[in-house]
Amino acid sequence: MDLTLAASPLLLLLALAAAGALTWWTYGRSTPRVTGVRRGLLVGLRFVALFVVVLLLFEPVFRNVERDEEPPVLAVLLDASESLTADPEGTSDEPPGAEAVRAALATLPSSDAVRLYRFAADLQPLAGDSLAFDGERTDIAGAIQAVESRLEGQNLRGIVLVSDGRYNTGRNPLYLAERARVPLYTAVVGDTTAQRDVQLSRVVTNEVAYLGSLLPVRVGVRARGFAGQPATVSLVEGGRTVASEAVTLPGDGLETTVELAVTPSQPGLRRYTVVVSRLPGEATFRNNSESVAVRVLDTRRRVLLVAGAPSPDLRALRTALEADPQVDLTVRTQRGPGAFYEGALPADLDRYDAAVLVGFPGPASGASAGPLAEAVAAGLPALFVLAAQTDLGALGRLFGDVLPASPAVVRPGTDEAGLVVTPAGSTHPVLQVPGVSSDRLDRLPPLSYSTSRWVPAPDARVLATVRLRGVPLDAPLLAVRASGGRRTAALLGAGSWRWAGLPADLDDLSAFYPGLMDNLLRWVTAREDRRPVRVRPSRALFGEREPVTFSGQVYDESLDPVADADLRVTITAPDGTQTPLTMRPLGNGRYALDAGVLPEGSYTYVAEAERTGQRLGEDRGAFAVGALALEFREPGADAALMRQLAQRSGGRVVPVDELADLPARLVEEGRLAARPIEQERETPLLHLPFLLGLVVVSLTAEWFVRKRSGMV
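Residues numbered from 1 in each chain as written. Predicted model: local features only at pLDDT ≥ 70, side-chain atom pairs only at ≥ 80, totals over all residues. Heavy atoms only, no water.

Caption draft 1: Spotlight on the sheet that holds strand 11 (residues 230–237). Spatially, five strands are ordered 9-15-14-11-12 in an open sheet, and the strand pairing comes out mixed. At either margin of the open sheet sits one strand with a lone partner, and together these are strand 9 (208–210) and strand 12 (240–248). Each strand axis lies, on average, 30 degrees off the axis of its neighbour in the sheet, ignoring direction. Sheet analysis places strand 11 next to strand 14 (residues 268–276), joined by four bridges and oriented antiparallel. Within strand 14, the position partnered with Leu 235 by the bridge is Val 274. (Pairing = 2+ DSSP bridges. Helix = DSSP H or I, 4+ residues; strand = E, 2+ residues; numbered from the N terminus. Axes fitted to C-alpha atoms, helices over the stretch in contact; angles between N-to-C directions.)

Caption draft 2: Highlighting the sheet that holds strand 31 (residues 547–554). Here we have four strands laid out as an open sheet, ordered 29-31-35-34, and antiparallel in their pairing. Among the strands making up the open sheet, the edge pair consists of strand 29 (533–537) and strand 34 (584–587). Across the sheet, the mean angle from the axis of one strand to that of its neighbour is 25 degrees, orientation sign disregarded. Here strand 34 pairs with strand 35 (residues 590–597) via three bridges, running antiparallel. By the bridge assignment for strand 35, Gly 587 is matched with Arg 590.

Caption draft 3: Spatial organisation of a nonpolar patch on the surface. Side chains of Leu 10, Leu 13 and Leu 14 sit close together on the surface and give an oily, nonpolar patch of about 330 Å² of accessible area. By the secondary structure assignment, Leu 10 is in helix 1 (residues 9–28). (Patch = residues over 30% accessible without salt bridge, like charges linked within 9 Å, V, L, I, M, F, W, Y side chains within 5 Å. Areas by Shrake-Rupley, 256 points an atom, 1.4 Å probe, with all protein chains shown as cover. Salt bridge = Lys/Arg side-chain N within 4 Å of Asp/Glu carboxyl O.)

Caption draft 4: The layout of surface pockets, seen in detail. There is about 990 Å³ of room inside the largest pocket. Considering the residues around the largest pocket, the lining is formed by 28 residues, among which Leu 297, Asp 298, Thr 299, Thr 525 and Arg 527 are closest to the centre. Elements with a contribution of two residues or more to the lining of the largest pocket: strand 14, strand 15 (289–297), strand 16 (301–307), helix 10 (512–525), strand 36 (601–611) and strand 37 (614–625). Broken down by class, the residue content of the lining of the largest pocket amounts to eight nonpolar, seven polar and 13 charged. (1 Å grid on protein atoms, 1.4 Å probe; cavity = no way out; pocket = protein on both sides within 12 Å on 5 of 7 lines; lining within 4 Å. Points joined across faces, edges and corners; volume = space filled by probe spheres on them. Nonpolar A, V, L, I, M, F, W, Y, C, P; charged D, E, K, R; others polar.)

Caption draft 5: The arrangement of empty space enclosed by the protein in detail. Across all of its chains, the model carries one cavity of 30 Å³ or more by this definition. Of the volumes computed, that of the largest cavity is approximately 30 Å³. Gly 379, Pro 381, Gly 485, Arg 486, Arg 487, Val 524, Ala 526 and Arg 527 are the residues that line the largest cavity. Among the residues forming the lining of the largest cavity, the class breakdown is three nonpolar, two polar and three charged.

Caption draft 6: Geometry of the pairing of strand 20 (residues 382–385). Where burial is concerned, the two faces of strand 20 agree: the one with Ala 382 and Phe 384 and the one with Leu 383 and Val 385 are both buried. Note: strand 19 (residues 354–358) against strand 20, four bridges, orientation parallel. Note that in strand 20 the partner of Val 356 across the bridge is Leu 383. What joins strand 19 to strand 20 is helix 7 (residues 369–377), and the crossover it makes is right-handed. (Buried < 20%, exposed > 50% of the residue type's maximum accessible area, 1.4 Å probe, protein only. Right-handed = clockwise from strand over helix to strand, strands pointing away.)

Caption draft 7: View of the confidence of the model for the protein. Overall, the prediction assigns the protein a mean pLDDT of 84, with 91% of residues at 70 or greater. At the low end of the mean pLDDT range in the protein sits strand 1 (residues 2–4), at 63; at the high end sits strand 20, at 96. Low pLDDT, under 50, characterises residues 88–92; the stretch is placed with eight contacts to residues that sit more than four places away or in other chains. (pLDDT = per-residue confidence, 0-100. Contact = heavy atoms within 4.5 Å.)

Caption draft 8: Layout of the packing of helix 6 (residues 312–322) against helix 10. At a minimum axis distance of 10 Å, the contact between helix 6 and helix 10 shows a crossing angle of 75 degrees. Compared by their axis directions, helix 6 and helix 10 come out roughly perpendicular. Contact residues: Asp 313, Ala 316, Leu 317, Ala 320 and Leu 321 in helix 6; Tyr 513, Pro 514, Met 517 and Leu 521 in helix 10. Counted by class, the contact of helix 6 with helix 10 contains eight nonpolar, no polar and one charged residues. (Parallel < 35°, antiparallel > 145°, perpendicular 65-115°, else oblique.)

Caption draft 9: Expanded view of the side chain of Ser 649. Considering the arrangement of structural elements, one finds Ser 649 in helix 11 (residues 639–649). A polar contact of 2.9 Å, which involves the side chain of Ser 649, links it to the backbone nitrogen of Leu 184. Setting aside residues no more than four positions away along its own chain, Ser 649 makes contact with Ala 177, Ala 180, Val 182, Pro 183 and Leu 184. (Polar contact = N/O pair within 3.5 Å; in protein donor to acceptor, adjacent residues only side chain to side chain.)

Caption draft 10: A look at the nonpolar core. Leu 372 and Phe 399 are the most contacted members of the largest nonpolar core, which has 74 residues in total. Of the residues forming this core, the biggest block, eight residues, is contributed by helix 10. Aside from chain neighbours lying at most four places away, what touches Leu 372 is Leu 304, Val 306, Leu 345, Leu 349, Ala 355, Leu 357, Phe 360 and Phe 399. Ranked by size, the runner-up nonpolar core spans 29 residues in total, among them Leu 541, Val 554, Ala 573 and Ala 607. (Core = buried A, V, L, I, M, F, W, Y, C linked by side-chain atoms within 4.5 Å.)

Written as structure tokens, this is what we have:
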């Protein structure tokens, strides 16, 4: 303990000496004069008061340093994944790998320095000796990071990893080992010898597929000890084989690739299982199959094509759309006021995904254009293609609020105009047509361009402008607009049929017209995610023993987060049983739900949000639960990985039967030592009330003595 002053100690001594001299001199000239003990008492009392006051003026601080030791901590991570229970039928009560982990647990000393954890997909403290090997995923890097985080600030001196070294989730632990805070001591469990086995090494397919379109599934097959033997790889859906292929198994360490394919016939979440045939003598059959979940979308677009009159532009566009299998086309061609060749205009326009208006409104459109204008204004995506018969006045009057570019001044004449791609259009998906170079688009035949003055909307993007008589102008030819969740596009040149039938010297541009129309339809029908309620499962496919978890978001009409919503999720099981659950708010409009472990099967869910009794919106989706078999892709232990983890982190490999002696040996080596702790405390004397009390008592006593001496 020491005393620290804000100013120089020499200055304090001088101040105290001056105070002492002044005090002595004061009572040497007092009236009446005092001598002897009384004089000494008065001098002492005043000096004590002055001493304390002067001392406090120098802001003294007592500094006390306390020294202690923090005990060491050794974290032991025990692998609790299914890979330690591998056997051909998956029925053994205690396979060798699991038995080795239990033996290691039993030999570890009971000490406050040893902290026990189990890990698979996540890390959990080990309660007692209960250790179930049921983890369907293994994340070694995540376990190391988690234990370092849990023991942050404690004297963690090392991590003991008891595992087979097989991981299938998270980062490569080797990258983490080089930056680990403490050494890793690895103990390998499981069979390290090569075993005869046939396994699916990888299954690669799209997470999203489209109804009626081919879904490819690429499968990798490896084998050890079965080189040259025949096998069959099958793709199974709902117990029915939908594709299969015979293969010859490769040599040890090699992989053969099988290409399977299926055409989804139903929308929604579909679960496919890839199976390779079993052979006698395999180490395990649990890696002969693997399931994947694919979300199948129905992309067929219901399109209403309305034309102001028969024209070559209508014929070219109709031909292109009818050739697209993803388009369900309805055509209406104006014949006269309120009349169409194909029948009346559909009354229910909401059932269409988009409207394509070719030369519409025309001279005979009249009142029939009203319902279409209202539907587009209400949010129906629309593509406007000008033709010779387009009534520009009616177009601007009825659709001006939604058009990407409107005719501000209508003039009767036309000019031949070429296409010039703008910088915005060169990178826009509408003009990205496969097999067509954007540098060649200036060779397209010119279109008939109105001499009217077109003004783009403020929120529109002009993808192409015109070239008149060889001079590029800023006048829009192709423009798109996304506003308030509604999308529209416009091709403002008549005669686009010329792009559909190109001469032989422009054969490299033959795919441009159908590709452009397909891209325009895709763009206008692409929905912006403005849903107020968004709930998704954390995975499309959960393991049989994995908890099913959801994350959600809730927004109001302005897309501001809603933190106090009542967000309920109803899960429907394959047998129709419904389970209502409530999501837990996390703040800032985010929500979470742990639905627990569910039986195998395909599930659907509906999420509904309310606030103070008012409905905010809903979301729905699907997920599946099934056997993952990730833990059985590679039978046996990966001793090389465990050895590298120890070497890169500064630790070492420890035989399982020597784990009991490891803590004592680390103590002998000085690696499991207590950490000295120095805690410094500072106490300002000004904060000590007894010093101020001493001043008061000294001055009071002095006054009392002075009064008794007749000096007051």
